[in-house]
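One-letter residues, chain by chain:
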Amino acid sequence: MHPVLKIILQRLALGLVTLFVVSIVIFTAVNMLPGDFAQAILGQGATPEAVDAIRRDLGLDQPPVTRYLQWLSGALQGDLGNSFAQANFASFVGADSGVRTTVAQQIAPRFENTMFLAGVTAAIAVPFAVTLGILAALYRNSVFDKAANIGTLTSISSPEFFVAYILILFLAVLNPMLPSLSNIYEGMPFSERLEKTLLPALTLTLVVTAHMMRMTRAAILNLMASPYIEMARLKGVKPIRVIVRHALPNALAPIINVVALNLAYLITGVVVVEVVFVYPGIGQLFVDSVKIRDIPVVQACCLIFAAAYILLNLTADILSIVSNPRLRHPK
Amino acid sequence: MTRISRRGLLTTGAAAGVLAASGLPLRAQAKKGGRLRAGLNGANTSDSWDGRTHSDLFMIASAQGAVFDSLTEIKADGTLVGELATDWEASSDAKTWTFNLRQGVTFHNGKPFGADDVLESLQMHVAEGAKSAAKPIVSAISEMKKTGDHQVQFTLEAGNADFPYLLSDYHILMYPAGQIEEAIAKGIGTGLYQVQAFEPGVRMVATRFPNHYKGEEAGWFDEIEYIAINDSTARMNALLTGQVDAINRIDFKTEALLRANPMIRIQEVTGNQHYTFPMLTNVAPFNDVNVRRALKYGVNRQEMVDKILQGHGLAASDTPIGPANPYYHAEMEPLTYDPDKAKFYLKEAGLTSLDIDLNVSDAAFNGAVDAAQLYQASAKSGGININVVQEPADGYWSNVWLKKPFCASYFSGRATEDWMFATAYEAGVPWNDSQWDSEDSARFQELLLTARAELDSNKRREQYHEMQQILRDDGGVIIPMFANYVQAVSNKVASPDKVGNLWQMDNARMAERWWMA
C-alpha cells in the first residue's frame, strides 16, 4: 500500500475514535449542567406535572447510560436523532404524532450558511495573508513590514466583537456601503447573499490574517539563510522571484498547517461574530441548543466541529507530505 | 421639549405624552402598502406555531399579532372588542357565556371558520398530557357546546366576569378543526397576514391576506418581515443602518444615541410588567406580617427605578395591578423608604435585627443582582441584614423560584385584576410564589372570589382597590417597580397616537395597527 494512503487510513480510524470520545465527553458535560430540556423550555411554567410529561415524551426519564447507548446506536447507523426543540409540543393532544424534525434537518441549513461564511472568508483571507506575508518577507524590517505586523497584530489582539463594531461603524453607519445585518436565508440570490456576508467575512479576515501572515513571513525568512537561496541570489535572480520560486515551495508545509487550523476555527468558533451580525450559522444554533439542553443537536454540532478539526488537520498533513518530495518518497 | 414626569404622563393620559414625544400629527391618515421589517428579540430555535408554547415577543407578534386570531382582542386603549367573536352575553351569575362568532371568515387554506374550530382549538389546552400555559383558563370551563354554526356556549365552574378578557390570551389562538397539526406545522390561521417563510429562531415573513374580515381598518402593510435579533446592540445597529424599521427592548445605556437620531423615535409605555421579590409566607420569618412590613419599608423603590431601570419605570407599592389595568388604584398612598418604620416593625416582631438570604440571578429580570445589592444597602439602616446569594441563571426558575424563601422574579402582568390574582395570588395556584392564602388574609381570598363574579363595575372597583391595599400592607411579594416597555421605531413607519401598554410593540400587534408613513 502506498505510504500516503496508509497514513490517511490510519488517521481516519484515529479520527473515529476521537469522535467517539468527544461524544462521551459532551454527553456527560451536558448532563452535568443544572436543569434539563423540560425545565429549560418551560421556564417559569415548570410545574412538576408538565416537566414529567415532557421528560416522558422525549425519553429523558431514562437513565443517562441508556440514553447515550440509544443515541450511539442511532448515530452509528447515520441517524442523529430528533431535535427536542421542534419535537416537544408538535403533537395536537399531547400524544406523539410521529412528525418530528430530525437533527439533520435542523442543522443542514445552518451548516450550509456556516460553510458559506467560512468559504467567503477563506477566499479573502488566505490569498491576502499569504501575499502580505510574502511582501513582508521581501521587504523585511522596512516600514511596510512593520506596518503589516502592527496592523495584523492589533486586529488579532482585539476582541472579535470590537473589530466587528469598528467595521460596522465605518462601513455601515458612517459610510453606508455594506449592510450590518447578515440575515441571509435559503433562496436568497447569490449576489445579495454575498453582499450580506461581506462584513462578517471581513471581520473574520482581520481576525485570522495575523496568524497566517506571520507564519508565511517566518517560514520564508527561515529559509532565506539556506545555501541554495544564497546560490540563487548570487546567480542574480530577482528578490521576488527568489522568494516565490525558490523559498515558498519549501515553506509550504507550515503555512498549510496554519491555514488549516484557521479554517477549522472559521467553522467552529465564530459564534460571537454570528451574534453581532445576526448571521444564522451553526454557532448560534449550538449556543441556543446548549441553553435549552437540546442534547441531540448539541451532540451533532460537537461531532461536526470535531470532524472539521480532524479532517482539516488530516488534509494539512497530506498536503505537506505531497508538497515535500522528501516525504513523498521516503527511503 | 419640557420633561414630563412619568407619573404626570399617566394621569394626564398617555396618548398626549406619546404624541409630544413622537411629534406626529394628531390625526395621521393610515395608508396601505409597504413592507414592515422589525428586529425582535425573544426568538428561539424551539419556536413553533403552537400557541400553547408561546412565551416571548417574537412568536407572540408573529402568531397572535399577525397570522392567527383569538376570540377577543384588547385594543390599545385597554378596551375589549371581539376579534373572531362579534359579541357575547353572560348569565346574571357570570357563569354561562354565549359567544356569537363572526360569519364569512376563512382560514388561509380556504376552510371557513365556525363553532367547531373554537371548540377544538380550546380543547388543545386541556387535552391529556398537553402542556399549555393557558390550561388554568380553559380548565375553568366545565362545559362547552356548539349552539349554532356560529355560536358557542361556555359554562364555567364558577362565575367569572372577566371571562371574555381571558379569551384574548395570546396562547388561545383559533386553529382549523381537524387540521390542527397541519396548521401548527405551516402556520394556517385567520389572521391578517399569511405565512410565506418561517425559520424558527431566525425569521418570519408573511403577506397580507386578501379579503380579510378586518378589511380597511387594519393590516396596512403588504408584507411583514420579523427578524430574530436577540442581541440588543445588533438590534440597535440594524435600526440605525435602516435595515429594520422597528426594534423592541432598547438598551437604556445607548438610548441617548437613538434619541439623537432624527429619523428614529422612541416609544415608551408604562404597563403592568413588574419586577418582584417574593417571600414564602409559610416559612419563618416571613410568616410574620411584621417582618414582611419591615422588609417593605427597607426598599428604596424610587432609587431602584432610577438606577436599575434608569428612570424607565414607575415605583410600585407591592401590588401587581399596574397602570394598564382597568381598576388600578392610582390614588393609593404609596409605600416609601423608611428605615425607622422598618426598625419599628422589627421590634413589633420581637426582633432587634434580621438576617436573611436573598437568592437572585439576572435570569429573574435584567439587573436583579444589582437591585438586590441596592436593597441590601438600603435595608441595612433599618436593621435588616440581607445576604445576597447569587444563583446561576441556568435552572433558576426550577431550582430557586418557588423554592427559596426569598428570591427575585418578574411578571409581565395581566390585562385584568382577576387574571393577575388568579395567576399568582389565589390560594393554591401553582405560580403563587408567596404561598399567599387565607391564613395570611382571609379577606383577600374572599374578595378575590366575590369580585370575580361581580358584573357591577363600581362595586368591582371598590373590591379591587381594597385588595390592592391589602397587598400593600400585608402582602408577601415585594414589588418595587413597574418596568416600562421601551422600543424604537423609524419615522418611515407611522403608529397611532395611542399604542398598547399590555405588552411590547403595541401589544405585539404592530403588523395590524401601524403603517408606512
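Residues numbered from 1 in each chain as written. Chains lettered and ligands numbered in written order. Predicted model: local features only at pLDDT ≥ 70, side-chain atom pairs only at ≥ 80, totals over all residues.

Test applied: UniProt positions are given in the numbering used here, feature names are shortened, and annotations may be inferred rather than shown by experiment.
Where an unreviewed UniProt entry is consulted, chain B appears under the name ABC transporter substrate-binding protein, with the organism given as Thetidibacter halocola. In its Sequence similarities (unreviewed entry) section, UniProt records this for chain B: "Belongs to the bacterial solute-binding protein 5 family." In its Subcellular location (unreviewed entry) section, the UniProt entry covering chain B states "Periplasm".

If you check an unreviewed UniProt entry, chain A appears there as ABC transporter permease from Thetidibacter halocola. If you open the UniProt record of chain A and go to Sequence similarities (unreviewed entry), you find "Belongs to the binding-protein-dependent transport system permease family." Per its UniProt entry, chain A bears the Subcellular location (unreviewed entry) comment "Cell membrane".

**Describing the overall build of chain B**
Filter applied, for reference: By the criteria applied, helices consist of DSSP H or I runs no shorter than four residues and strands consist of E runs no shorter than two, each listed in order from the N terminus. Note that the radius of gyration is over C-alpha atoms, with the globule rule given as 2.2 Å times the number of residues to the power 0.38. Using C-beta atoms placed from the backbone, we call a residue buried if 20 or more other C-beta atoms fall within 10 Å of its own, exposed if 12 or fewer do, and partly exposed for counts in between. Throughout, a pair of residues is in contact if the C-beta atoms placed from their backbones lie within 7 Å.
For chain B, the count of helices and strands is 19 helices and 21 strands. Taking 517 residues into account, the globule formula puts the C-alpha radius of gyration at 24 Å, and chain B, at 23 Å, falls close to it. Structurally, chain B occupies a C-alpha span of about 70 × 55 × 40 Å along its principal axes. Looking at chain B as a whole, 54% of its 517 residues qualify as buried. Excluding contacts between residues fewer than 6 apart, the proportion of contacts in chain B whose partners are at least 24 apart in sequence is 71%.

**A closer look at the sheet that holds strand E6 (residues 141–148) of chain B**
Residue and element names in this part refer to chain B. Basically, it comes down to this: If DSSP finds at least two bridges between two strands, the strands pair. Every axis in this analysis is a line fitted to C-alpha atoms, fitted for helices over the stretch in contact. Angles between the N-to-C directions lie between 0 and 180 degrees.
Sheet architecture is open: four strands sit in the order E4-E5-E7-E6, paired in antiparallel fashion. At either margin of the open sheet sits one strand with a lone partner, and together these are strand E4 (85–90) and E6. Pairwise comparison of adjacent strand axes, ignoring direction, gives a mean angle of 20 degrees for this sheet. Relative to strand E5 (residues 96–101), E4 runs antiparallel, the two being bridged by five bridges. Within E5, the residue paired with Ala90 across the bridge is Trp97. Each of E5, E6 and strand E7 (151–156) touches helix H4 (residues 115–126); the most contacted strand, E6, lies at about 165 degrees to it.

**Here's the deal with the UniProt feature "domain: ABC transmembrane type-1" (unreviewed entry) in chain A**
The UniProt entry lists residues 111–316 of chain A under the feature "domain: ABC transmembrane type-1" (unreviewed entry), expressed in the numbering used here. Taken end to end, residues 111–316 of chain A has its terminal C-alpha atoms 22 Å apart, with 83% of it in helix and 0% in strand.

**Observations regarding the domain arrangement of chain B**
Residues and elements named next belong to chain B. The criterion, for reference: All the domain ranges listed were derived from an automatic or database domain assignment.
Parsing chain B into structural domains produces domain 1 (32–68 + 191–268 + 486–517), domain 2 (90–176) and domain 3 (274–483). Taken together, the 11 residues of domain 1 in the interface contact 16 residues of domain 2. For the side of domain 1 that touches domain 2, the element with the most residues is helix H3 (residues 57–67), which contributes three residues.

**Side note on unusual backbone geometry**
Residues and elements named next belong to chain B. Ala284 connects to Pro285 through a cis peptide bond whose omega is 0 degrees. Its location among the elements puts Pro285 in the loop between strand E13 (274–278) and helix H10 (289–297). Positive phi outside glycine occurs at Asn211, with the angle close to 55 degrees. Inspection of the secondary structure puts Asn211 in the loop between strand E9 (203–208) and strand E10 (223–228). For Asn211, a count of 7 C-beta atoms within 10 Å translates into the label exposed. If you check the backbone angles, Gln310 has positive phi at about 50 degrees while not being a glycine. Looking at the element boundaries, Gln310 is found in the loop between helix H11 (301–307) and strand E14 (313–315).

**Thoughts on helix H9 (residues 190–224) of chain A**
Rules: Expected span of a helix: the number of residues minus one, times 1.5 Å. We define the bend at any residue as the angle between the axes fitted to the seven residues before and including it, ending there, and the seven starting there.
The terminal C-alpha atoms of H9(A), which comprises 35 residues, lie only 43 Å apart, well short of the 51 Å expected from a rise of 1.5 Å per residue. The sharpest bend along H9(A) reaches about 40 degrees and sits at A:Leu198, with the proline A:Pro200 one to four residues further on.

**Thoughts on the sheet that holds E14(B)**
All names here are of chain B. Spatial ordering of the open sheet is given by E14-E18-E13-E17, a layout of four strands whose pairing is antiparallel. Two strands lie at the open edges of the sheet, namely E14 and strand E17 (409–411), each paired on one side alone. Sheet twist, expressed as the mean angle between neighbouring strand axes with direction ignored, is 30 degrees. Taken together, the four bridges between E13 and strand E18 (residues 477–483) define a ladder with antiparallel strand orientation. Its bridge partner being in E18, Phe277 is matched across the sheet by Ile478.

**Here's the deal with the packing of helix H6 (residues 103–138) of chain A against H9(A)**
Residues and elements named next belong to chain A. Our working rule: Take the far helix as the reference: if the near one is turned anticlockwise from it by less than a right angle, the crossing is left-handed, and if turned clockwise, right-handed. Any residue that is not Ala, Val, Leu, Ile, Met, Phe, Trp, Tyr, Cys, Pro, Asp, Glu, Lys or Arg is counted as polar, Gly included; the first ten are nonpolar and the last four charged.
Orientation of H6 relative to H9, taken along the N-to-C sense of each, is 35 degrees, at an axis distance of 6 Å. Considering only the axes of H6 and H9, their crossing is right-handed. Considered class by class, the residues forming the contact of H6 with H9 number 22 nonpolar, six polar and one charged.

**A closer look at the confidence of the model for chain A**
To keep things clear, this is the line we draw: On a range of 0 to 100, pLDDT expresses the predictor's confidence in each residue.
Looking at chain A, pLDDT values average 87 and 94% of them are 70 or higher. pLDDT under 50 marks residues 90–97 of chain A. Its contacts with residues more than four places away, or in other chains, come to 21 contacts.

**So, the UniProt feature "transmembrane region" (unreviewed entry) in chain A**
Residues and elements named next belong to chain A. The positions that UniProt labels "transmembrane region" (unreviewed entry) are, in the present scheme, residues 12–33, 115–139, 160–178, 198–216, 251–277 and 297–322. Overall, residues 115–139 shows 96% helix and 0% strand. The separation of its end C-alpha atoms is 35 Å. With 79% helix and 0% strand, residues 160–178 has end C-alpha atoms that lie 18 Å from one another.

**What about the domain arrangement of chain A?**
Residues and elements named next belong to chain A. Segmentation of chain A into domains returns domain 1 (1–101 + 294–331) and domain 2 (111–291). For domain 1 versus domain 2, the distance between C-alpha centres works out to 30 Å. On the side of domain 2, 17 residues touch domain 1, which itself brings 18 residues to the contact. For the side of domain 1 that touches domain 2, the per-class residue count stands at 12 nonpolar, five polar and one charged.

**As for the interface of chain B and chain A**
Contacts between the two partners involve 41 residues from chain B and, on the opposite side, 41 residues from chain A. Of all elements in the fold, only helix H7 (180–186), strand E8 (193–199), helix H8 (232–240) and helix H14 (396–399) of chain B reach the threshold of two or more residues within the side of chain B that touches chain A. Looking at which element gives the most residues to the side of chain B that touches chain A, the answer is H8(B), with four residues. By residue class, the composition of the side of chain B that touches chain A is 18 nonpolar, 14 polar and nine charged.

**What about the environment of B:Phe482?**
Residues and elements named next belong to chain B. Checked against the element boundaries, Phe482 lands in strand E18. In sequence terms Phe482 and Thr319 are 163 residues apart; their C-alpha atoms lie 9.8 Å from each other. Discounting residues that sit within four places of it in the chain, Phe482 has contacts with Thr270, Asn272, Gln273, His274, Gly313, Leu314, Ala316 and Gly322.

**Considerations on helix H15 (residues 417–424) of chain B**
Residue and element names in this part refer to chain B. Across the eight residues of H15, seven count as buried, placing the element largely inside the fold. Along H15, the residues that are buried comprise Glu417, Asp418, Trp419, Met420, Phe421, Ala422 and Ala424. Buried positions along H15 lie against helix H6 (163–166), E17, helix H16 (442–453) and helix H17 (457–474).

**So, the environment of B:Val269**
Note on placement: B:Val269 falls in strand E12 (residues 264–269). For B:Val269, a count of 26 C-beta atoms within 10 Å gives the class buried.

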